[in-house]
Amino acid sequence: MKENVVILGAGESGTGAALLAMSKGKQVFVSDKGSIVRKYKSELLSANIEFEEDGHSLDRILAADLVIKSPGIPEDIELIQQLRAASIPVIDELEFASRYTNKPIIAITGSNGKTTTTLLTHHLLSKNGVNAALVGNVGNSMARQVIDDDADLYVAEVSSFQLDGMYQFSADTAVILNITPDHLDRYNYDFERYADSKMRILQGMQAANMLVYCSTDAYLDRRVAEITAPIVKIAIGLEPTEENSGYVESDNLVYDKSVERIQIPLKELPLRGPHNYLNTLVAIAVAAHYGLNEAQIRHALPSFKNAPHRLELVTSINGVEVINDSKATNVEAVQYALGSFSRPIIWIAGGQDKGNDYSSLKQLVAQKVKAMICLGVDNDTLLAEFGSIVPAVSETQDVKEAAEMALEYANASDVVLFSPACASFDLFNNYAERGELFKEAVLQLKEEIDA
């Protein structure tokens, strides 16, 4: 009898899981509580996969042998609790996909920087002839690509939500960039639970497998020291210490654990800021592990283009650089952003607060920020934290007005930094929409100023 597989959520991961399950001869049913977008509905129809939208058929779902759920579905909703009570396995799409490939998997996680590091790692490998598939939280279904399984290896960005649904998954190379408070609303506001989720990336790893991690994160450094599994540990930091195999020295990135010592001048890097030195060193360590040398890495680096909304230069207006960092939805990300500039900053922040502790930002803000614009429905927390230490503060709920205010505060050679520290859902659908609207507003203002 065919295994009865139910997929909850018909986005990229859910549709990919459905296609893989169908290709393996499973009985497949897809259920989405909302409307399924045309692209994915067409794929399901073409594959003769049964689906429903705008609601869940509980009896049908509870008859499943296996459920694959979208990582966006919280664990504590009633449907998932009913599945748990019925002892029906609930897993993530990456977990399901990994069961159908023997190819190496590079799994990358962290509270901040994981998309940049995943994209850069993939770029270094693919630019040098490695048939690397880019999968996971970057928006590409691993399950979809495992159907043909023709890649040499998989480079996967993995979120804590995905890791929560992964049990047999085992990475050949794991990366943990940092573990700082984020998404705590999904973990009962318990940081240790969130951190435990991140550490699940190490499950099933064997002696020949490698962990690359950033020793600059004191909490992560302590957690790695507690690991008893005999895996290879590669520490990355900003200083040349006995622990660090990758570091910054004399205006160069240095990695000395490969066959040859790799040294890349900082001036050749496509990314700015100390946090991106760490991201780049991690990508170099992984690339070197899979056979790339210094010449190959230096050849590939200049052509790298990061994902949008991550310290993205929008334009320069009368000598003022305008930076879109809408992806900075937590305090740590903003700390990285503020630390990336030596010039005076006009900081645009705000949105849906996630219980942030802003104390770690206060010294940087006092040193670097000359004006602050709060863009959000409720700005009370930001005003209470920073109102007394920033010389000028304004509020708005309009993104174009926020950009206008920032430019009014700015002098030539200042930086306007849109780095919200908060989620976007008070005024926008997501951080990407927020960033795109900010860029549109800035470019429109530039046209008006230049006219």
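Structure's up top.
Conventions and cut-offs
- Residues numbered from 1 in each chain as written.
- Predicted model: local features only at pLDDT ≥ 70, side-chain atom pairs only at ≥ 80, totals over all residues.
- Heavy atoms only, no water.
- Helix = DSSP H or I, 4+ residues; strand = E, 2+ residues; numbered from the N terminus.
- Rg over C-alpha atoms; globule rule 2.2 N^0.38 Å.
- Buried < 20%, exposed > 50% of the residue type's maximum accessible area, 1.4 Å probe, protein only.
- Contact = heavy atoms within 4.5 Å.
- Areas by Shrake-Rupley, 256 points an atom, 1.4 Å probe, with all protein chains shown as cover.
- Lys, Arg positive; Asp, Glu negative; His and termini not counted.
- Charge placed at Lys NZ, Arg CZ, Asp CG, Glu CD.
- Expected span 1.5 Å × (residues − 1).
- Pairing = 2+ DSSP bridges.
- Polar contact = N/O pair within 3.5 Å; in protein donor to acceptor, adjacent residues only side chain to side chain.

Before going further, it helps to examine the overall build of the chain. Helix and strand counts for the chain stand at 17 helices and 20 strands. What you see for the chain is a C-alpha radius of gyration of 23 Å, in line with the 22 Å of a compact globule of 451 residues. Looking at the chain as a whole, 55% of its 451 residues qualify as buried. Contacts in the chain between residues far apart in sequence, at least 24 positions, make up 65% of those at least 6 positions apart. With an accessible surface of roughly 18,700 Å², the chain has 47% of that area assigned to carbon and sulfur atoms. Positive and negative side-chain charges in the chain, numbering 39 and 62 respectively, have mean positions lying 4 Å apart.

Further remarks concern helix H6 (residues 114–127). The end-to-end C-alpha distance of H6, which contains 14 residues, comes to 20 Å, matching closely the 20 Å that a straight helix rising 1.5 Å per residue would cover. Here H6 lies mainly inside the structure; 12 of its 14 residues are buried. When H6 is considered as a whole, its buried residues turn out to be Lys 114, Thr 115, Thr 116, Thr 117, Thr 118, Leu 119, Leu 120, Thr 121, His 122, His 123, Leu 124 and Leu 125. Contacts from the buried residues of H6 go to strand E6 (105–109), strand E7 (132–136), strand E8 (153–157), helix H9 (191–199), helix H11 (274–289) and helix H12 (294–300).

The next point concerns the sheet that holds strand E2 (residues 27–31). Taken together, 5 strands build an open sheet; the order of strands is E3-E2-E1-E4-E5 and the sheet is parallel. Here the strands that pair on one side only, and so sit at the sheet edges, are strand E3 (50–52) and strand E5 (90–91). Of the pairings in the sheet, the one linking E2 to E3 comprises 3 bridges and is parallel in character. Its bridge partner being in E3, Ser 31 is matched across the sheet by Glu 52.

A separate point is the environment of Lys 439. Along the chain, the position of Lys 439 falls in helix H17 (residues 431–450). Spatially, the C-alpha atom of Lys 439 lies 12 Å from that of Arg 310, the residues being 129 residues apart in sequence. Beyond its immediate stretch of four places on either side in the chain, Lys 439 contacts Pro 308, His 309, Glu 312, Val 314 and Asn 324. One polar contact links Lys 439 to Glu 312, side chain to side chain, over a distance of 3.0 Å.

One non-glycine residue with positive phi stands out, namely Leu 311, at about 45°. The topology assignment puts Leu 311 in the loop between H12 and strand E15 (312–317).

Looking at the element boundaries, Val 334 is found in helix H13 (residues 331–338). Taking the C-alpha atoms as reference points, Val 334 and Pro 71, separated by 263 residues in sequence, lie 25 Å from one another. Excluding anything up to four places from it in sequence, Val 334 contacts Ala 328, Trp 347, Leu 361, Ser 419, Pro 420 and Ala 421.

In this structure, Asp 414 sits in the loop between helix H16 (399–409) and strand E20 (415–418). Overall, the relative accessible area of 4% leaves Asp 414 in the buried class. Excluding residues within four positions of it along the chain, Asp 414 makes contact with Gly 319, Val 320, Glu 321, Arg 343, Pro 344, Ile 346, Lys 370 and Tyr 409.

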